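Fold and contact review
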Amino acid sequence: MEEHMFSYYGKLSTQLYDVTKPVGHSINGDIEYYLERLQGTKGKILEPAVGSGRFIIPLLNQGYDVDGIDYSAHMLASCRKRCHERGLNPNLYEAHLSQFSLPEKYEAIVMPTGSFCLIDEYDDAISALTNFYQHLVPGGRLIVDLQLPVDWHTGDISTISYPLSNDEGIVLENKSIEIDWVNQTTRSLLKYEKWRHGKLVDTELEEFVMRWYGIEEFSMLLEKIGFTQITCSANYMFKKAPSKETRLVTFEATRL
């Protein structure tokens, strides 16, 4: 399968994202946790992989000065629209996280809900972390979630339909294709189908790859890049040690 076969966060993916991840929708308490950790932050904040605005808008509404960056033009268009509807006008940049350069330096860079794991190539992930470091002010913090494939079952297929209106909706089929223990990735195929009056009107196929990290491995990566004061917290409880059942951890690290 060649890469050009697949769509990446295209039109249907964005439409479904807007339905399933509305503005302010907290996923397992992530918004509340991040707002607590950001208390006292006076400078600018950056959200990489900003998506369609679920997370950035509550931060903006709390008075924080937040920029966003994403490589999906569809996601950014949705985010921009949702911000403008609320009288908000943040800087939103279109770029890949492994090679962006922004005019600002930030007091905090935040990446909730495992978005960092969507950087599937190891070298790109290292470049992104290095970029984050370089875009922080001295004393600035990176707060980033990582998901662990605790619940992965190769071969699983799920199909869920999401109504968009009375006469149309999107059906999402998710197939768990493979887990690669050597390269630490999982690969799924997501098939989006848009139906109107019982007729298929649009479809997208997306290859969904996620990378996971060992706890010590990620700590060492952050340290190697230059971060200090590195902490790891399980399930949005600050400094709670992960266990073998832990599905999500949050790393926090500071630029000297």
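First things first, this report covers the structure right here in the doc. No experiment lies behind these values; they were computed from the predicted model shown.

1. Overview of unusual backbone geometry
Excluding glycine, residues mostly carry a negative phi; peptide bonds, for their part, are mostly trans. We note that Ala-49 has phi near 55°; this positive angle belongs to a residue other than glycine. Following the sequence through the fold, Ala-49 ends up in the loop between β1 (45-48) and α3 (56-61). Ala-49 gets classed as partly exposed once you look at its relative accessible area, which sits at 22%.

2. Some thoughts on the packing of aromatic side chains
Applying the stated rule across the entire model yields 13 aromatic pairs. With a centroid separation of 6.5 Å and 70° between ring planes, the pair formed by Tyr-34 and Tyr-236 is classed as edge-to-face. Here the residue Tyr-34 occupies a position in helix α2 (residues 30-37), and Tyr-236 occupies one in the loop between β10 (227-234) and β11 (248-255), the gap between them amounting to 202 residues. The structure contains a cluster of three or more aromatic residues connected by ring pairs, namely Phe-100, Phe-116, Phe-132, Tyr-213, Phe-218 and Phe-251. Note that Lys-21 overlies the ring of Tyr-17, its terminal NZ or CZ placed 4.7 Å from the centroid.

3. Section: the environment of Ser-101
When you line up the elements, Ser-101 lands in the loop between β3 (92-94) and β4 (106-111). The exposure class of Ser-101 is exposed, given its relative accessible area of 66%. Each C-alpha atom, one on Ser-101 and one on Tyr-162, is 37 Å from the other, the two residues being 61 residues apart in sequence.

4. With respect to the environment of Asn-89
Here Asn-89 shows up in the loop between α4 (73-85) and β3. Residue class for Asn-89 comes out exposed when judged on its relative accessible area of 66%. Considering only alpha carbons, one finds Asn-89 and Leu-60, 29 residues apart in sequence, at a separation of 9.3 Å. Within the structure, Asn-89 has its side chain in polar contact with the side chain of His-84 (distance 3.3 Å).

5. A few points about the packing of helix α1 (residues 11-20) against α4
Geometrically, a packed helix pair is captured by the angle between its two axes and the distance between the axes. Interhelical geometry of α1 versus α4 gives an angle of 40° and a closest axis separation of 9 Å. The handedness of the crossing between α1 and α4 is right-handed. Facing Lys-11, Ser-13, Thr-14, Tyr-17 and Asp-18 of α1, the residues of α4 in contact are His-74, Met-75, Ser-78 and Arg-82. Among the residues forming the contact of α1 with α4, the class breakdown is two nonpolar, four polar and three charged.

6. What about the packing of helix α5 (residues 122-134) against helix α6 (residues 215-225)?
Their axes nearest at 10 Å, the elements α5 and α6 cross at an angle of 50°. As far as their axial angle goes, α6 and α5 are oblique. Judged by the twist between their axes, the crossing of α5 over α6 is right-handed. For the pair α5 and α6, contact is made by Tyr-122, Ile-126, Leu-129, Thr-130 and Tyr-133 and by Glu-217, Phe-218, Leu-221, Leu-222 and Ile-225, respectively. For the contact of α5 with α6, the per-class residue count stands at eight nonpolar, one polar and one charged.

Basis of the calculations
Residues numbered from 1 in each chain as written. Predicted model: local features only at pLDDT ≥ 70, side-chain atom pairs only at ≥ 80, totals over all residues. Heavy atoms only, no water. Helix = DSSP H or I, 4+ residues; strand = E, 2+ residues; numbered from the N terminus. Buried < 20%, exposed > 50% of the residue type's maximum accessible area, 1.4 Å probe, protein only. Phe/Tyr/Trp six-rings, centres within 6.5 Å; stacked < 30°, edge-to-face > 60°. Lys NZ or Arg CZ within 6 Å of the ring centre and 35° of its normal. Polar contact = N/O pair within 3.5 Å; in protein donor to acceptor, adjacent residues only side chain to side chain. Axes fitted to C-alpha atoms, helices over the stretch in contact; angles between N-to-C directions. Left-handed = near helix turned anticlockwise from the far one by under 90°. Contact = heavy atoms within 4.5 Å. Nonpolar A, V, L, I, M, F, W, Y, C, P; charged D, E, K, R; others polar. Parallel < 35°, antiparallel > 145°, perpendicular 65-115°, else oblique.

Remember that the coordinates give geometry; whether it matters functionally is a separate question.
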